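# Fold and contact review
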Amino acid sequence: MNRRIDAHVARTQFGQIMDLASKNNERFIVDRRGEPAVVIMSVQDFIRTAAPPPDWLQKAWGGAKRRGLDALTPADIDAEIALHRHKKKPAAPGVE
C-alpha cells in the first residue's frame, strides 16, 4: 500500500514510518512542496521489487533452507569454519 505524506510529517514521525514500512511492507511517497520527492520502503520490499536476487542465489537459499542451514547462528558458522580449518591444518613436523 502506498501512502503520500508531507516531508514535515515524515521528519516528525520517521520512527513510526520506518516501523510500518519494515513490519507491514507499507510504502510512503514523501512530498516536498506538493511534489513527490522520495519513497520510503523496507529493504526486503526494495530487494523483491527493484533488485531481485538472481535465480542461482534464490536456488541456493532454497537449498540452504531445506537443509536447515538458514537457522545457523553466527557462533555456529564460526564453529564450523574453525572445525574445517583445524581438520585442514597439517601437523607440525615431528608431532603425531
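Here, every reference points to the structure presented above.
Residues numbered from 1 in each chain as written. Predicted model: local features only at pLDDT ≥ 70, side-chain atom pairs only at ≥ 80, totals over all residues. Heavy atoms only, no water.

### A few points about the overall build of the protein chain
- A count of helical and extended segments in the protein chain gives 5 helices and 3 strands.
- The C-alpha radius of gyration of the protein chain comes to 23 Å, more than 25% above the 12 Å expected for a compact globule of 96 residues.
- Reported as C-alpha extents along the three principal axes, the dimensions of the protein chain are approximately 80 × 30 × 20 Å.
- Out of the 96 residues in the protein chain, the part that is buried amounts to 15%. (Helix = DSSP H or I, 4+ residues; strand = E, 2+ residues; numbered from the N terminus. Rg over C-alpha atoms; globule rule 2.2 N^0.38 Å. Buried < 20%, exposed > 50% of the residue type's maximum accessible area, 1.4 Å probe, protein only.)

### Observations regarding the side chain of serine 42
- With respect to the helices and strands, serine 42 occurs in the loop between β3 (35–40) and α3 (43–49).
- With a relative accessible area of 5%, serine 42 lands in the buried category.
- Sequence-distant contacts of serine 42, that is, excluding residues within four places in its chain, are made with Ala21, Ser22 and Asn25. (Contact = heavy atoms within 4.5 Å.)

### Topic: the sheet that holds β3
- Strands sit in the order β1-β2-β3 across an open sheet of 3 strands; the sheet is mixed. Looking along the sheet, the strands with just one partner apiece sit at the ends: β1 (2–6) and β3. Strand after strand, the sheet turns through a mean of 30° between neighbouring axes, direction not considered.
- Bridge count for β1 against strand β2 (residues 27–32) is 5 bridges, and the pairing is parallel. Paired with arginine 4 across the two strands is isoleucine 29, which belongs to β2. (Pairing = 2+ DSSP bridges. Axes fitted to C-alpha atoms, helices over the stretch in contact; angles between N-to-C directions.)

### Observations regarding the side chain of glutamate 26
- With respect to the helices and strands, the residue glutamate 26 is situated in the loop between α2 (14–24) and β2.
- At a separation of 3.3 Å, a polar atom in the side chain of glutamate 26 contacts the side chain of arginine 3. (Polar contact = N/O pair within 3.5 Å; in protein donor to acceptor, adjacent residues only side chain to side chain.)

### Points about the pairing of β2
- One ladder, built from 5 bridges, connects β2 with β3; its direction is antiparallel. Its bridge partner lying in β3, arginine 32 is registered against glutamate 35.
- Following β2, the chain reverses through 2 residues before pairing antiparallel with β3; arginine 33 in that reversal takes a positive phi of roughly 55°.

### A closer look at unusual backbone geometry
- Non-glycine residue asparagine 25 carries a positive phi angle of around 55°.
- Positionally, asparagine 25 belongs in the loop between α2 and β2.
- One non-glycine residue, arginine 33, lies in the positive phi region at around 55°.
- Looking at where arginine 33 falls in the secondary structure, it is placed in the loop between β2 and β3.
- Residue classification places arginine 33 among the exposed residues on the basis of a relative accessible area of 77%.

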